[in-house]
Amino acid sequence: MLLRPTTTSSILSLMTRSSTPASAVAAARLALTSGHLNNPTGSSCAFSTSATSRDMQDIKNVTVFGAGLMGAGIAQVAAHVGFKVTLCDVTDDALTNGKKIIESSIQRLAKKSPNAPPFSSENVFSNINTTTDPSRAVSEADLVVEAIVENLKVKQDLFKLLDGSAPKSCVFATNTSSLSVREIAESCSDDRRKRPQMKLVEVVKAPETAEETVEALLDVCKKMDKTAVRCTDTPGFIVNRLLVPYMFEAIKMVERGDASAADVDVAMKLGAGHPMGPLQLADFVGLDTCYHIMSGWREKVENGEDVGLSKDLVAESKMLTDLVAAGKLGRKSGEGFFKYEK
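Values in this document were obtained by computation on a predicted structure and should not be read as measured data.

Side-chain direction in a regular strand flips from residue to residue, so the side chains alternate between the two faces of the sheet. Residue alternation in strand β4 (residues 128-131) divides its side chains into two sets, Ile128 and Thr130 and Asn129 and Thr131, and both sets are buried. Note that strand β3 (residues 84-88) and β4 share four bridges and pair parallel. Directly across from Cys88, in β4, lies its bridge partner Thr131.

This is the structure in structure tokens:
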């Protein structure tokens, strides 16, 4: 997602807050990330191929924050097509896990397309460096993409920190699934604010986003062989504005006792031709992420914001809240609506 009011700086959008008890499950991760932002120290061996004078259309160095599934995937795609990538996270263990995610993804792609040109881990990793120091990670960046925890304040704190370290011409991007791009960018200065197999990228234009910023991001998407769609800064953008209510209605059906989780998913796979049922999909997304998305939307409605969301749509699900509080977050924890082998 993008934000950029002037010709010298910006934020783009690639594709919650919570104060209820279930949010305690994510507290440790939030605390670690927040603490790291307040004390941004670490080791780094960043590299750069940037020219002394940067052009908005000439993005070469990409920095990705968050080495989880999404962040690692973004780093992999960027490195595969030749961008120089710096992957940053709060611990060396997180970065090691991110590398494992990339390696596994490359192996899956190689097996999936045996007749395609060989997928080389060596070529991909030759374009990726890692660091736990956020300020050094962006010192030569042309494009920054954050893929950290889905929490507004943590994302704002990250961009506030980076705003003073990144070059003025650097484009800031967020991989948020539902938070407002404009709100994430509020922590940036006024000047600053003027997935691997998934083909889609949602480019979200906030009111302050300059058209040249949008065009620069569309060019990056094209180089990554992605299909870009444009959208305004509305909750959930396009995909999640339609997908999240679908998943939540399925959760509420199970909660009311209308049908079992298994039957809901079988019905949608066989009756609607979906490759995955809504409850398995929620498990794959992460039930904590689903929880945070709906909590953020509910807060907007309670605050009287005109975002086109109804109270019934965003009403809290006790079943979801209880699952998250119990640490049953879906596939990543081994259990959600269904059980998974870790």
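Bringing a nonpolar patch on the surface into the picture now. The grouping of Ile238, Val239 and Leu242 at the surface amounts to a nonpolar patch, some 250 Å² of accessible area in total. Relative to the helices and strands, Val239 is located in helix α10 (residues 239-256).

Below, the discussion takes up the packing of α10 against helix α12 (residues 278-285). With their axes 9 Å apart at the nearest point, α10 and α12 run at an angle of 115° to one another. What the angle tells us is that α10 and α12 run roughly perpendicular. Relative to α12, α10 is oriented so that their crossing is left-handed. Contact residues: Leu243, Tyr246, Met247, Ala250, Ile251 and Val254 in α10; Pro278, Leu279, Leu281, Ala282 and Val285 in α12. Considering only residue class, the contact of α10 with α12 consists of eleven nonpolar, no polar and no charged.

With 80% of its residues at a pLDDT of at least 70, the protein reaches an overall mean of 82. Strand β1 (residues 10-13) is the least confidently modelled element of the protein, averaging 36 in pLDDT, while helix α11 (residues 261-271) averages 98, the highest of any element. Between residues 1-34, whose pLDDT stays under 50, and residues either more than four places distant or in other chains, the model counts 153 contacts. Contacts from residues 36-57, a stretch scored under 50 in pLDDT, to residues over four places away or in other chains number 56 contacts.

Let us look at the pairing of strand β6 (residues 171-174). The two faces of β6 match: Val171 and Ala173 on one face and Phe172 and Thr174 on the other face are all buried. The pairing of strand β5 (residues 143-146) with β6 spans four bridges and is classified as parallel. When the bridges of β6 are listed, Leu143 appears paired with Val171. At this point the chain moves from β5, through helix α6 (residues 152-163), to the parallel β6, and the crossover so formed is right-handed.

The subject of this paragraph is the pattern of salt bridges. Tallied over the full model, the rule gives 15 salt bridges. The partner of Glu183 in a salt bridge is Lys300, with the nearest N and O atoms 2.8 Å apart. Note on Glu183: relative accessible area 16%, which makes it buried. Where Arg230 meets Glu215, a salt bridge forms, and the shortest distance between an N and an O atom there is 3.7 Å. Of this pair, Arg230 sits in strand β8 (residues 227-232) while Glu215 sits in helix α9 (residues 211-223); the two residues are 15 residues apart in sequence, bridging distant segments of the chain. Look at Glu215 and you get partly exposed, because its relative accessible area is 36%.

With respect to the element layout, Asn240 can be found in helix α10. Put simply, Asn240 and Ile293 are 53 residues apart on the chain and 9.5 Å apart in space, counted from C-alpha to C-alpha. Side-chain polar atoms of Asn240 contact the backbone oxygen of Ser177, separated by 2.9 Å.

This paragraph deals with unusual backbone geometry. A positive phi angle is found at Asp225, which is not glycine, with a value near 60°. Structurally, the position occupied by Asp225 is in the loop between α9 and β8. Even without glycine at this site, Phe237 takes up a positive phi of about 60°. Mapped onto the elements of the fold, Phe237 is located in the loop between β8 and α10. Overall, the relative accessible area of 3% leaves Phe237 in the buried class.

Here is what the cut-offs are and how they apply
- Residues numbered from 1 in each chain as written.
- Predicted model: local features only at pLDDT ≥ 70, side-chain atom pairs only at ≥ 80, totals over all residues.
- Heavy atoms only, no water.
- Buried < 20%, exposed > 50% of the residue type's maximum accessible area, 1.4 Å probe, protein only.
- Helix = DSSP H or I, 4+ residues; strand = E, 2+ residues; numbered from the N terminus.
- Pairing = 2+ DSSP bridges.
- Patch = residues over 30% accessible without salt bridge, like charges linked within 9 Å, V, L, I, M, F, W, Y side chains within 5 Å.
- Areas by Shrake-Rupley, 256 points an atom, 1.4 Å probe, with all protein chains shown as cover.
- Salt bridge = Lys/Arg side-chain N within 4 Å of Asp/Glu carboxyl O.
- Axes fitted to C-alpha atoms, helices over the stretch in contact; angles between N-to-C directions.
- Parallel < 35°, antiparallel > 145°, perpendicular 65-115°, else oblique.
- Left-handed = near helix turned anticlockwise from the far one by under 90°.
- Contact = heavy atoms within 4.5 Å.
- Nonpolar A, V, L, I, M, F, W, Y, C, P; charged D, E, K, R; others polar.
- pLDDT = per-residue confidence, 0-100.
- Right-handed = clockwise from strand over helix to strand, strands pointing away.
- Polar contact = N/O pair within 3.5 Å; in protein donor to acceptor, adjacent residues only side chain to side chain.

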